[in-house]
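A look at the structure
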Amino acid sequence: MFRLFHAKFMGPKLLPHAPKPQTFQLFPKCCSLLFETTIQFHAVSSYPCEPFLSTLILALKSSSSVSYCRVVHARVVKSLDFRDGFIGDQLVTCYVSMGSTPDAQKLFDEMPHKDFVSWNSLVSGFSKRGDLGNCMSVFSTMKSEMALGLNELTLISVISACASGKARDEGCYLHCCAVKLGMELEVKLVNALINMYGKFGCVESAFKLFWALAEKNIVAWNSMVAVWTQNGIPDEAFNYFNMMRVSGLLPDEATMVSLLQVCEKLPVGRLVEAIHGVIFTCGLDENVAIATTLLNLYSKLGRLNSSHKVFAEIRKPDKVALTAMLAGYAMHGRGREAIEFFERTVRDGMEPDHVTFTHLLCACSHSGLVEEGKCYFQIMADVYGVQPRLDHYSCMVDLLGRRGLLNDAHKLIKNMPIEPNSGVWGALLGACRVYHNIDLGKEAAENLIALDPSDPRNYIMLSNIYSSAGLWSDASKVRALMKTKVLTKIPGYSFIEHGNKIHCFVVDDCSHPDSDKIHMKLDEVMRKIQEVGFVSETKSILHDVDEEVKIDMINKHSEKIALAYGLLVSSADMPIIITKNLRICCDCHNTAKFVSLLEKRTIIIRDSKRFHHFSDGLCSCSDYW
DNA sequence: CTAGGGTTAG
């Protein structure tokens, strides 16, 4: 009976139709049924059926159930020995990927004939879970126990673990190992090293390794494009992309994803459109990963409509794509739409995870949907089994803080089961600034400074809090402290794209060729809006100077200059899109509202936090930001 | 019929 089943299931002719692991994932019931059937077959027959078991184990991997793993394990122990080693390796991989380290270690220790694959199953398992400690310790045991020396693939696994774990010393040590073993020209290994050095910020080392490679394949080129991207050097990323094309290689998924990510740092819409074109010519327009990156990028560049279009063309959006769309709504302050989208996709079978909830909560907070946010925070754990992480707490503190529920936010932080990070305290501080709560603001700022004493923004914010309360001497003490630590304020920049160029302005900027015209336009606009009731909001100015001087200072903010330039050069039917590296201030926010009404223009300002769409005197953020 | 992670997406 079993023979028949076995032959039918695994027979060579029918093999292409044999269920793949993914199938089991989709049909958990099928999966468990299959387990039961197998166990029964085994009960009546001791026929060794390794291939069948290995298929089963593949299914196990996607079931993420340790108990199923143990059931199969028990059967294996009963009916087979480990002479082959094959099943044992598979089971080790299973246990490790499920996070059941003791099971994996125990089985591994019991296996009599460990080969490279056995060792590597363990090493790569730990590496994949980001468990650098176990990964390294297994690696060193392996190194001392295996007389044969080390295998290239094992090294690659450990190198990857160091890359994601930011373990510099270990990483350099592994590079030495590789050199010692004469593997410094093996493409796969070198690519892993390039990636690692890129993650460490050692662009130079990555560069040297790449150019020493005799055979530069597509992955090597992609790795270098990624290195430039991750280290914020867009020019070189494009440069390497072009060199890659000259060398005759066709860009693939990874190339395009990295290249698109470079554009995130650049406020250049036109460039994205050009890359979008390349994606089409390379026949990559149906690729989900690329489409997701593109969707995300358009959102970040202020073009939610374009995001929408890209999303609509994804034939079968996966969880990542759906979350990217949700993030788009959140980023643009479309709370209601985000909730509707979330509910709809969950109804259609999406299983939300911690990232999904981060964006959903973020959407609630940016739209002031306090009750909804609280509710989702609750059911996230209760219904979906997603335990709140730091990001979720930041969102919740932000949500409560925006509404002025500062004590609730403070209580939430105090009751956190995990140590709050800068995101959490930063959210509280932001709220304290808006609602002028000095005591809590001080506490938040002090915690922030303790967490990162080298970040100038924390001092600036503390100083801001004191200034807005009129406590000038405290404010100047903080600024003096900054000076002794040689910390300087990050200057604010505003960018605007026009005529194939990016125009960048700082505060009180007069360096633009058309500077005179821009400042005349700015004066004109400010006068116009003051005539219809605009009043300057100078609370955020931290210096102890006369009101008039303050107004003069605030009127020279970089976003106002960029806005004046936008009004000067762009056609009336186009939105004015401005990018700012810091948060927009209250006064500039008000200015944009008035200008959108008086000049009948759509103004989109992307600051370091989010987007503001101004039209008809209103902002999409409903003054929550 | 089967085996071990080079790059990239929320």
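Residues numbered from 1 in each chain as written. Chains lettered and ligands numbered in written order. Predicted model: local features only at pLDDT ≥ 70, side-chain atom pairs only at ≥ 80, totals over all residues. Heavy atoms only, no water.

**Topic: the sheet that holds strand S1 (residues 494-498)**
The strand order S2-S1-S3-S4-S5-S6 describes an open sheet built from six strands, whose pairing is mixed. Each edge of the sheet is formed by a strand with only one pairing partner; in this case those strands are strand S2 (501-505) and strand S6 (618-619). Examined bridge by bridge, strand S4 (residues 603-606) and strand S5 (residues 611-615) share four bridges and lie antiparallel to one another. Each bridged residue has a counterpart across the sheet, and for Arg-606 the counterpart in S5 is Phe-611. (Pairing = 2+ DSSP bridges. Helix = DSSP H or I, 4+ residues; strand = E, 2+ residues; numbered from the N terminus.)

**With respect to the packing of aromatic side chains**
With the rule as written, the count across this model stands at 18 aromatic pairs. Measuring from centroid to centroid gives 5.4 Å for Phe-534 and Phe-594, while their planes differ by 80°, and the two rings are edge-to-face. Residue Phe-534 is located in the loop between helix H30 (515-531) and helix H31 (547-554), and its partner Phe-594 is located in helix H33 (residues 586-598); the two are separated by 60 residues in the primary sequence. On the basis of relative accessibility, which here comes to 4%, the residue Phe-534 falls in the buried class. Members of the aromatic cluster, each reached through a chain of ring pairs, are Phe-210, Trp-211, Trp-221, Trp-228 and Tyr-240. The side chain of Lys-114 reaches across the aromatic face of Phe-108, ending 4.9 Å from its centre. (Phe/Tyr/Trp six-rings, centres within 6.5 Å; stacked < 30°, edge-to-face > 60°. Buried < 20%, exposed > 50% of the residue type's maximum accessible area, 1.4 Å probe, protein only. Lys NZ or Arg CZ within 6 Å of the ring centre and 35° of its normal.)

**Some points on the protein's contact with DNA strand B**
As a matter of local geometry, DNA strand B sits amid 43 residues, with Phe-86, Ser-127, Lys-128, Ser-160 and Asn-191 nearest to it. Near the protein, within 4 Å, the atoms of DNA strand B are sugar or phosphate in 39% of cases. Between DNA strand B and the protein, one listed contact pairs a base oxygen with a backbone N or O atom of Lys-128 at 2.3 Å. One of the side-chain N or O atoms of Lys-199 is found 3.2 Å from a phosphate oxygen in DNA strand B. (Near = heavy atom within 4 Å. Polar contact = N/O pair within 3.5 Å; in protein donor to acceptor, adjacent residues only side chain to side chain.)

**Comments concerning a nonpolar patch on the surface**
A surface patch of nonpolar side chains, about 200 Å² in accessible area, is lined by Val-545, Val-549 and Met-553. The topology assignment puts Met-553 in helix H31. Overall, Met-553 belongs to the partly exposed group, its relative accessible area being 30%. (Patch = residues over 30% accessible without salt bridge, like charges linked within 9 Å, V, L, I, M, F, W, Y side chains within 5 Å. Areas by Shrake-Rupley, 256 points an atom, 1.4 Å probe, with all protein chains shown as cover. Salt bridge = Lys/Arg side-chain N within 4 Å of Asp/Glu carboxyl O.)

**Topic: the pattern of salt bridges**
Considering all chains together, one arrives at 16 salt bridges under this definition. Note that Lys-319 is salt-bridged to Asp-353, the shortest N-O span being 3.6 Å. Of this pair, Lys-319 sits in helix H20 (residues 319-331) while Asp-353 sits in the loop between helix H21 (335-347) and helix H22 (354-366), placing them 34 residues apart in sequence. Owing to a relative accessible area of 23%, Asp-353 belongs among the partly exposed residues under this scheme.

**A closer look at the packing of helix H10 (residues 152-165) against helix H12 (residues 187-200)**
In the contact formed by H10 and H12, the axes pass within 9 Å of each other and the chain directions differ by 10°. Relative to H12, the element H10 is oriented roughly parallel. Across the interface between the two elements, Glu-152, Leu-155, Ile-156, Ile-159, Cys-162 and Ala-163 from H10 touch Lys-188, Leu-189, Ala-192, Leu-193, Asn-195, Met-196, Lys-199 and Phe-200 from H12. Residues that form the contact of H10 with H12 fall into these classes: 10 nonpolar, one polar and three charged. (Axes fitted to C-alpha atoms, helices over the stretch in contact; angles between N-to-C directions. Parallel < 35°, antiparallel > 145°, perpendicular 65-115°, else oblique. Contact = heavy atoms within 4.5 Å. Nonpolar A, V, L, I, M, F, W, Y, C, P; charged D, E, K, R; others polar.)

**Let's talk about the domain arrangement of chain A**
When the parts come together, some accessible area is lost, and that loss is often what is quoted as the size of the interface. You can read the domains of chain A as domain 1 (1-113), domain 2 (431-484) and domain 3 (495-619). Between the C-alpha centres of domain 2 and domain 3 the distance comes to 26 Å. (Domains from an automatic or database assignment.)

**What to know about the UniProt feature "repeat: PPR" (unreviewed entry) in chain A**
Those places that UniProt annotates as "repeat: PPR" (unreviewed entry) correspond, in this numbering, to residues 115-145, 217-251 and 318-352. Structurally, residues 115-145 comprises 87% helix and 0% strand, and the distance from its first C-alpha atom to its last is 11 Å. In residues 318-352, the share of helix is 74% and the share of strand is 0%. The end C-alpha atoms are 11 Å apart. (UniProt positions renumbered as here; feature names shortened; annotations may be inferred.)

**Observations concerning the packing of H12 against helix H13 (residues 203-212)**
Contact geometry for H12 and H13: axes closest at 8 Å, N-to-C directions at 160°. Comparing the axis directions of H12 and H13 gives the class roughly antiparallel. Here H12 runs over H13; the crossing is left-handed. On H13, the residues touching Val-190, Leu-193, Ile-194, Tyr-197 and Gly-198 of H12 are Ser-205, Ala-206, Leu-209 and Phe-210. (Left-handed = near helix turned anticlockwise from the far one by under 90°.)

**Quick look at the state of the cysteines**
Taken as a whole and judged by the stated rule, the model has zero disulfides. In this structure Cys-504 is not part of a disulfide, and its nearest cysteine sulfur, from Cys-510, lies 14 Å away. This cysteine, Cys-585, is not joined by any disulfide, and Cys-588 carries the nearest cysteine sulfur, 3.7 Å off. (Disulfide = S-S within 2.5 Å.)

**Some thoughts on the pairing of S5**
Between the antiparallel neighbours S4 and S5 lie four residues. By the bridge criterion, two bridges tie S5 to S6 in an arrangement that is antiparallel. The partner of Phe-614 across the bridge, within S6, is Cys-619. The loop that links S5 with its antiparallel partner S6 comprises two residues; one of these, Asp-616, has a positive phi angle of about 50°.

**So, the side chain of Ser-157**
Structurally, Ser-157 is set in helix H10. Discounting residues that sit within four places of it in the chain, Ser-157 has contacts with Asn-120, Val-123, Ser-124 and Ser-127.

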